[in-house]
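# Notes for the structure review
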Amino acid sequence: MEEKEPNWLPIESNPESVNEYLTNLGVVEGTWKCYDVLGLEEWALSSIPRPVIAVIFLYPLKKSSIQRQESEESDPSTKLDQPDCSSVYFLKQKVRNACGTVGIIHALANNLDKIPLEETSVIQNFV
């Protein structure tokens, strides 16, 4: 029998949904918010409130991109000039449609020193 890849319901890609999800994960309400980036032009970036501590960029991967990444990961010579990333929290996505959730976890986990969390925060217990 063919084993199916696990699948999640995706998070709706709009700031209101993501901000509600952040609150449910334990981010103190109203301290940090997500905004849509409408473009990379100056006018579009100037509409984003500052400071910015994370950018979540989601895009579909092609098979060729995955193959190139796997090839680079297995080749020791590609790691020679890599910066030290030992303090970076990284979670590899293993479930389809979890990209938004994984992006949010990365954004939170790599900014725990800047993002106030509730004492009962799910994310604090996770990372």
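Please refer to the structure higher up on the page.
The notes below deal with the structure included here. Source: prediction; values computed, not measured.

## Considering the nonpolar core
Residues Val18, Leu22, Leu25, Val27, Ile104, Ile105, Leu108, Ile115, Leu117 and Ile123 constitute the largest nonpolar core, which totals ten residues. Looking at this core, the elements that each hand over two or more residues are helix 1 (15-25) and helix 4 (99-109). If we ignore the near neighbours within four places in the chain, the residues touching isoleucine 105 are Tyr89, Leu91, Ile123 and Phe126.

## Examining unusual backbone geometry
The linkage connecting arginine 50 with the following residue, proline 51, adopts the cis geometry, with an omega of 0°. Within the secondary structure, proline 51 sits in the loop between helix 2 (42-45) and helix 3 (63-74). Phi at asparagine 97 takes a positive value of approximately 70°, unusual for a residue other than glycine. Its location among the elements puts asparagine 97 in the loop between helix 3 and helix 4. Since its relative accessible area comes to 28%, asparagine 97 is described here as partly exposed.

## Brief notes about a nonpolar patch on the surface
A cluster of nonpolar side chains, contributed by Val52, Val55, Phe57, Tyr59, Leu61 and Ile66, occupies part of the molecular surface with about 640 Å² of accessible area. Along the polypeptide, tyrosine 59 turns up in the loop between helix 2 and helix 3.

Here is what the cut-offs are and how they apply
Residues numbered from 1 in each chain as written. Predicted model: local features only at pLDDT ≥ 70, side-chain atom pairs only at ≥ 80, totals over all residues. Heavy atoms only, no water. Core = buried A, V, L, I, M, F, W, Y, C linked by side-chain atoms within 4.5 Å. Buried < 20%, exposed > 50% of the residue type's maximum accessible area, 1.4 Å probe, protein only. Helix = DSSP H or I, 4+ residues; strand = E, 2+ residues; numbered from the N terminus. Contact = heavy atoms within 4.5 Å. Patch = residues over 30% accessible without salt bridge, like charges linked within 9 Å, V, L, I, M, F, W, Y side chains within 5 Å. Areas by Shrake-Rupley, 256 points an atom, 1.4 Å probe, with all protein chains shown as cover. Salt bridge = Lys/Arg side-chain N within 4 Å of Asp/Glu carboxyl O.

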